[in-house]
Amino acid sequence: TLKPPFNSSLVRQAFAHEIDRDVLVVIAIRFKSKSPVHATTLTPPATLGRDLYGEVGAMFNPQMAKDLLTQAGYSDSSSFPKVVFLVNASGDTAPGARFNLASAMADMWKTHLGITVEVQAIQSFSEYNNRLKSDTPDLYWLGWAADYNDPDNFLSEIFHSGSEYNYGKFSNADFDKLVDSASRSNDPAKRQELYIQAERLLCETEAALIPIFHSTYNIP
């Protein structure tokens with residue numbers, strides 16, 4: 001989120017509105033993802049206690065994506081900088097899953113926005129992790145399995161300013177305040193509302209990530 005062109009929230013929003021999850025979930029199923037369901041927010045419904053799909057976040061809307069890109073100063077897609085989308089190719093249930101999903105997303109951005117995105121894969125997870133920390137690419141793939149079943153483990157653990165997993169360097173004082181307040185509260189309804197506000201800021205206003213789907217994950 002610090003490097004052009006993705007230091008612009010308009011550009012990030014444009015990319016987020018160009019994702020057809022109907023297509024991606026079909027690919028995920030083909031590559032043995034377990035029970036994938038569409039997602040426009042980070043926290044799974046079972047963890048948040050509410051399904052925000054279609055209510056919060058960026059839905060598939062090619063015309064809106066084009067308009068946002070124009071507002072960002074890229075009415076001519078040929079002027080858009082080269083984009084690299086990095087994925088980790090190790091540990092897939094079915095080899096090639098992340099690469100194929102990322103390639104499908106790249107096809108969407110090319111078809112609807114005229115932007116070329118190069119998908120690159122790194123086999124070693126340690127090498128991939130080091131790359132995210134030392135030379136973060138324009139776009140990268142990150143999955144998350146909760147350590148404990150609470151929204152804080154998703155929102156604060158990954159996107160709070162200064163988090164060790166905040167590879168994209170997203171930093172927003174309002175977001176930090178929301179998740180800090182939620183973590184201190186003992187009122188379930190208040191906590192949920194604060195986390196919903198945080199999701200809206202993260203996935204819609206700032207579009208710091210593009211949620212694709214939630215799925216179950218079993219540890220042997």
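Conventions used here
- Residues numbered from 1 in each chain as written.
- Predicted model: local features only at pLDDT ≥ 70, side-chain atom pairs only at ≥ 80, totals over all residues.
- Heavy atoms only, no water.
- Buried < 20%, exposed > 50% of the residue type's maximum accessible area, 1.4 Å probe, protein only.
- Helix = DSSP H or I, 4+ residues; strand = E, 2+ residues; numbered from the N terminus.
- Pairing = 2+ DSSP bridges.
- Core = buried A, V, L, I, M, F, W, Y, C linked by side-chain atoms within 4.5 Å.
- Contact = heavy atoms within 4.5 Å.
- Phe/Tyr/Trp six-rings, centres within 6.5 Å; stacked < 30°, edge-to-face > 60°.

Enquirer: Whenever I open this one, the pairing of strand β2 (residues 83-88) confuses me. Can you help?
Expert: For a regular strand, side-chain orientation follows a simple rule: the groups alternate between the two sheet faces. Taken across its six residues, β2 has six buried, putting it largely inside the fold. Burial along β2 is two-sided: V83, F85 and V87 and V84, L86 and N88, pointing in opposite directions, are all buried. Of the pairings in the sheet, the one linking β2 to strand β3 (residues 117-122) comprises six bridges and is parallel in character. The residue of β3 that forms the bridge with L86 is Q120. The pairing of β2 with strand β4 (residues 139-140) spans two bridges and is classified as parallel. Counted as the bridge partner of L86 is Y140 from β4.

Enquirer: Mind showing me how you'd approach the nonpolar core here?
Expert: Within soluble globular proteins, side chains that are nonpolar tend to cluster in buried spots. By size, the foremost hydrophobic cluster in this structure holds 39 residues, and its most contacted members are F15, F85, W109 and V117. Secondary structure elements with two or more residues in this core: α1 (9-16), α2 (21-30), α4 (62-71), β2, α5 (97-113), β3 and α6 (125-134). The element best represented in this core is α5, accounting for nine residues. If near-sequence neighbours (up to four positions away) are discounted, W109 is found in contact with F15, E18, I19, F85, G114, I115, V117, L139 and I210.

Enquirer: It is not clear to me how the sheet that holds β3 should be interpreted in this structure. Could you clarify?
Expert: The strands making up a sheet associate through backbone hydrogen bonding, with each pair oriented either parallel or antiparallel. With parallel pairing, three strands are arranged side by side in an open sheet as β3-β2-β4. Looking along the sheet, the strands with just one partner apiece sit at the ends: β3 and β4.

Enquirer: Explanation requested: unusual backbone geometry in the structure shown.
Expert: Peptide bonds are trans in most cases, and residues, glycine excluded, mostly fall at negative phi. Omega for the peptide link from P4 to P5 comes to 0°, which places this bond in the cis form. Tracing the backbone shows P5 in the segment before α1. One non-glycine residue, K32, lies in positive phi territory at about 70°. On the accessibility criterion, K32 (58% relative accessible area) is exposed. The phi dihedral of S35 is positive, around 50°, even though this residue is not glycine. Along the chain, S35 falls in the loop between α2 and β1 (37-38). On the accessibility criterion, S35 (51% relative accessible area) is exposed.

Enquirer: Can you walk me through the packing of aromatic side chains in this structure?
Expert: The description of an aromatic ring pair uses the distance of the two centres, along with the angle that the planes make with each other. Following the criterion strictly, the structure yields ten aromatic pairs and no others. Judged by centre distance (5.0 Å) and plane angle (80°), the rings of F6 and F15 are edge-to-face. This pair shows no difference in class: F6 is buried, exactly as F15 is. Pairing F159 with F170 gives two aromatic rings, centres 6.3 Å apart and planes at 75°, and the pair type is edge-to-face. You can see F159 sitting in helix α7 (residues 152-159) and its partner F170 sitting in the loop between α7 and α8 (173-184), a full eleven residues away along the chain.

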